[in-house]
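# Chain and residue survey
If you want the building blocks of each chain, they are given just below.
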Amino acid sequence: MNSPDTLPPAEDLQIRVPATPEHTNAGGDIFGGWVMSQVDIAGSIPCVRRSRGRVVTVAVNRFVFEQPVHVGDMVSVYARITRVGRTSMTTEVTVYVERHPRAPQIIRVARAEVVYVAVDEHGRPRPVEEAAS
Ligand SMILES: CC(C)(COP(=O)(O)OP(=O)(O)OC[C@H]1O[C@@H](n2cnc3c(N)ncnc32)[C@H](O)[C@@H]1OP(=O)(O)O)[C@@H](O)C(=O)NCCC(=O)NCCS
């Protein structure tokens, strides 16, 4: 378990969404694919801002599910850019849940490294620096 003071900076918060029953797997916990999609969306947000335009996901270099997500958890996804290449941006994405609102626990449940590429209107890579200057 992680205490709230170990959370990433508030400005890195990209998504906050409750985990609802329609996203459960056969075991009753939240389906990993739903968590992965939240991570993908969250990681893209700072990259769209940084490159001032469309991005696509090119690679998930690492993805670790550290704890299950339960129905009713409030899921917060943090993302920040750790590397900018010519057309690519590497992000570190971390997922936390808030559980038991009456006696809140904050738990890190997943972390990932996801790479995005800035693309033009034809889906071709475009330079990040050019767009951001
Ligand atoms: C992303 C895409 C536009 C890259 O096209 P490409 O012709 O391979 O482009 P390049 O070889 O010039 O590579 C572009 C950048 O991506 C990086 N890249 C390519 N493959 C990579 C990989 N497997 N891992 C990490 N970075 C990668 C390159 O290093 C390069 O970065 P840089 O410019 O910062 O040095 C193309 O592969 C694509 O459209 N992929 C599908 C994307 C998609 O649909 N995502 C959603 C899936 S549901």
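Residues numbered from 1 in each chain as written. Predicted model: local features only at pLDDT ≥ 70, side-chain atom pairs only at ≥ 80, totals over all residues. Heavy atoms only, no water.

Keep in mind that most residues, glycine aside, have a negative phi and that most peptide bonds are trans. For R52, which is not glycine, the phi dihedral falls at a positive 55°. Mapped onto the secondary structure, R52 falls in the loop between α1 (32–51) and β2 (55–65). Phi at H100 is positive, roughly 55°, even though this residue is not glycine. Examined against the element boundaries, H100 turns out to sit in the loop between β4 (88–99) and β5 (105–118). Given a relative accessible area of 47%, H100 falls into the partly exposed group. (Helix = DSSP H or I, 4+ residues; strand = E, 2+ residues; numbered from the N terminus. Buried < 20%, exposed > 50% of the residue type's maximum accessible area, 1.4 Å probe, protein only.)

In the region of the ligand, 13 residues are neighbours, and T57, R86, T87, S88 and V117 sit closest. Here an oxygen atom of the ligand sits 2.8 Å away from a polar atom, N or O, in the main chain of R86. Separating an oxygen atom of the ligand from a side-chain N or O atom of T87 is a distance of 2.7 Å. Taken by itself the ligand offers 960 Å² of open surface, and the protein chains cover 42% of this. At the level of elements, β2 and β5 are the ones that each hand at least two residues to the shell around the ligand. Examining the composition of the shell around the ligand, we find that 4 residues originate from one element, β2, more than from any other. For the shell around the ligand, the residue count by class is 7 nonpolar, 5 polar and 1 charged. (Near = heavy atom within 4 Å. Polar contact = N/O pair within 3.5 Å; in protein donor to acceptor, adjacent residues only side chain to side chain. Areas by Shrake-Rupley, 256 points an atom, 1.4 Å probe, with all protein chains shown as cover. Nonpolar A, V, L, I, M, F, W, Y, C, P; charged D, E, K, R; others polar.)

Our focus in this paragraph is the side chain of Q38. You can see Q38 is positioned in helix α1. Overall, Q38 belongs to the buried group, its relative accessible area being 13%. For Q38, the residues in contact, after removing those within four places along its chain, are I15, V17 and V77. (Contact = heavy atoms within 4.5 Å.)

This part takes up the pattern of salt bridges. Oppositely charged side chains can pair when the atoms bearing their charge come close. Enumeration according to the criterion identifies 6 salt bridges in this entry. Among the salt bridges present, the one from E66 reaches R111, with a minimum N-O distance of 2.6 Å. Highlighted residues: E66 in the loop between β2 and β3 (74–84) and R111 in strand β5, separated in sequence by 45 residues. Accessibility expressed as a relative area gives 26% for E66, which makes it partly exposed. Judged by its relative accessible area of 28%, R111 is partly exposed. Residue D120 is joined to R124 by a salt bridge in which the shortest nitrogen-to-oxygen separation is 3.5 Å. (Salt bridge = Lys/Arg side-chain N within 4 Å of Asp/Glu carboxyl O.)

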